[in-house]
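# Structural characterization, general
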Amino acid sequence: MTLMPSARRISKRFLAALITALLAVHSPAFAAGEGEADYYNYDFEPFLSWLKAATDERKIPGAAVAIVTRDGIVHLDTWGVKNTSARSPIAVDSVFRIASMSKTFAGTAATLIVDQQLQSWDSPLAELFPALQIGPQSNSNAITLRHVASHSTGLMPHSYSNMLDAGVSYDKIKQQFAKIPRVCDPGDCYGYQNVVFSLIADVVEEKTGDSYARFIEHELFEPLGMMTASVGFEAYSNNKTATSPHRKSRNGWRPTTTNPAYYTTAPAAGINASVYDMTLWLRANLGAFPDVLPPETLFEIQRPVVETPYGNYFNRWQGLEKAYYALGWRVLDYKGLRAIHHGGGVRGYRSEMVFVPEANIGMVVLLNAESNVANDFVPAFLDNLSYTDQ
């Protein structure tokens with residue numbers, strides 16, 4: 001178990017919660033389950049040394065990493081600064097934009113409203129929103145909440161993400177949904193979305209009468225103790241612990257601007273969180289908090305829905321055998337391991353997280369910089385975990 005000095009720069013309340021989590025795990029041999037240590041390598045020092053060297057080599061402004069089990073935190077570390085101009089150091093409560101890792105919360109939100117019998121997975125959304133056409137009429141009449149949450153709507157991948165890049169808000173883009181081209185029938189193929197995926201918020205708000213942000217806070221952040229997590233641009237911009245986004249320039253990393261349009265697609269990219277918040281989220285998905293996410297809910301969320309055979313950075317990982325999308329999470333078969341994964345990237349930020357339920361282990365890394373080095377974090381972690389590479 002490792003806790004670095006940056007953890008001292010946090011509030012007493014936050015520190016108390018952190019210490020409680022850290023005390024739950026005492027060594028890397030911990031609680032993998034009887035006999036499991038024979039199959040997995042829980043010495044993560046080689047991975048952590050590589051990670052620090054890789055980010056240092058690229059002079060990444062700031063980084064945070066955590067390794068957890070369902071029982072607690074095994075390793076927690078931060079380094080670098082929140083902003084290269086102000087030089088304030090990263091701490092365990094420093095808030096990052098987690099970008100597309102927000103989709104893991106959205107998939108869970110969709111699952112919760114189905115569990116609460118507010119919505120069916122397989123009812124056409126046209127029944128709920130009769131005035132909204134989503135792509136060609138044939139697709140629109142058949143698209144369900146399951147299709148949206150698993151990127152299997154059959155619509156052109158990344159529909160209107162270019163408009164988000166241009167600063168156009170979700171509500172304005174939604175008026176163009178009928179023009180989205182068809183690729184296949186709903187459920188027959190994978191096509192990653194940001195804008196269409198954000199229909200999850202429309203469903204949540206229609207069925208609960210509450211805002212999507214408040215639903216996430218009430219159902220997930222608050223019961224899990226994610227004290228610095230939030231939804232939306234205003235929460236991020238008003239947060240004194242927030243890190244700044246950075247882009248590489250000729251003279252090194254420089255703070256850059258934030259595009260608020262991506263925050264209007266909250267299910268796709270609207271969540272802000274610290275590395276400590278993300279330890280709680282990973283542990284919840286490993287089964288640590290069954291009162292919040294019971295086993296049957298986790299099973300539904302993590303069950304593969306559609307294969308994702310090509311076109312993604314992870315499809316180039318040498319050890320990848322199969323890849324799928326579930327409900328807000330990717331499911332990877334990697335060198336004999338079944339791993340649950342998602343990454344994220346928006347202007348000035350990159351993030352990666354993965355966990356292996358059978359091994360009772362998970363990892364998250366947050367960067368306040370756009371760098372492709374993040375593409376290597378998950379395979380490096382999984383290679384370290386697997387004895388086949390030792």
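How each quantity is defined
- Residues numbered from 1 in each chain as written.
- Predicted model: local features only at pLDDT ≥ 70, side-chain atom pairs only at ≥ 80, totals over all residues.
- Heavy atoms only, no water.
- Helix = DSSP H or I, 4+ residues; strand = E, 2+ residues; numbered from the N terminus.
- Buried < 20%, exposed > 50% of the residue type's maximum accessible area, 1.4 Å probe, protein only.
- Disulfide = S-S within 2.5 Å.
- Core = buried A, V, L, I, M, F, W, Y, C linked by side-chain atoms within 4.5 Å.
- Contact = heavy atoms within 4.5 Å.
- Expected span 1.5 Å × (residues − 1).
- Bend = angle between axes of the 7 residues up to and from the residue.
- Pairing = 2+ DSSP bridges.
- Salt bridge = Lys/Arg side-chain N within 4 Å of Asp/Glu carboxyl O.
- pLDDT = per-residue confidence, 0-100.

## As for the overall build of the protein
Secondary structure summary: the protein contains 15 helices and 14 strands in total. Scored against the burial criterion, the 390 residues of the protein give a buried share of 58%.

## Focus on the state of the cysteines
Taken as a whole and assessed by the stated rule, the structure comprises one disulfide. In this model cysteine 184 forms its disulfide with cysteine 189; the gap between the sulfur atoms is 2.0 Å. The sign of the S-S torsion, about -90°, decides the handedness of the disulfide formed by cysteine 184 and cysteine 189: left-handed. Across this residue pair, the class does not change: cysteine 184 and cysteine 189 are buried.

## What to know about the nonpolar core
Side chains of nonpolar character tend, in soluble globular proteins, to be buried together. Of all hydrophobic cores here, the largest spans 87 residues; its most connected members are Phe105, Phe177, Ile200, Met278 and Trp281. In contact with isoleucine 200, not counting residues within four places along its chain, are Ala106, Ala110, Leu145, Val148, Ala149, Tyr212 and Pro267. Formed by 38 residues, the second largest nonpolar core is a distinct cluster that contains Leu51, Val354, Leu382 and Leu385.

## Remarks on helix α10 (residues 212–224)
The end-to-end C-alpha separation of α10 is 17 Å, in line with the 18 Å expected for 13 residues at 1.5 Å each. Along α10, the sharpest change in direction is near 35° and occurs at histidine 218. Within the span of α10, buried status applies to Tyr212, Phe215, Ile216, Leu220, Phe221 and Leu224. Where α10 is buried, its residues touch α3 (102–115), α9 (199–208), β5 (230–231), α12 (266–269), β8 (271–274) and α13 (275–285). Glycine 225 sits one or two positions beyond α10 and adopts a positive phi of about 80°.

## Topic: the sheet that holds strand β4 (residues 95–97)
Reading across the sheet, the three strands line up as β4-β8-β5 and stay open at both edges, with antiparallel pairing between neighbours. Each of the sheet's edge strands pairs with one partner strand only, and the pair in question is β4 and β5.

## Looking at the pattern of salt bridges
Across all of its chains, the model carries 14 salt bridges by this definition. Across the salt bridge formed by aspartate 185 and arginine 182, the nearest N and O atoms sit 2.3 Å from each other. Among the salt bridges present, the one from arginine 303 reaches glutamate 300, with a minimum N-O distance of 2.9 Å. Classification of arginine 303 by relative accessible area gives partly exposed; the value is 36%. Glutamate 300 sits in the buried class, given a relative accessible area of 15%. Look at the salt bridges and you will find they share partners, linking Asp122, Arg146, Glu300 and Arg303 into a network.

## A few points about the environment of threonine 279
For threonine 279, the location among the structural elements is in helix α13. A sequence separation of 213 residues divides threonine 279 from alanine 66, and the C-alpha atoms of the two residues are 6.6 Å apart. The residues contacting threonine 279, other than those within four sequence positions of it, are Ala66, Val68, Ile73 and Leu76.

## Some words on α9
Listed in full, the buried residues belonging to α9 are Leu199, Ile200, Ala201, Asp202, Val203 and Val204. Looking at the buried positions of α9, the neighbouring elements they touch are α3, α4 (125–128), α6 (145–149), α8 (170–174), α10 and α12.

## Comments concerning unusual backbone geometry
The phi torsion at glutamine 117 lies on the positive side, around 60°, for a residue other than glycine. Position of glutamine 117 among the secondary structure elements: in the loop between α3 and α4. With a phi close to 65°, tyrosine 160 is a non-glycine residue in the positive phi region. Its location among the elements puts tyrosine 160 in the loop between α6 and α7 (161–165).

## A short note on the confidence of the model for the protein
When the pLDDT values of the protein are averaged, the result is 92; 89% of them are 70 or greater. Within the model, the stretch residues 4–9 combines pLDDT values under 50 with 13 contacts to residues more than four positions away or in other chains.

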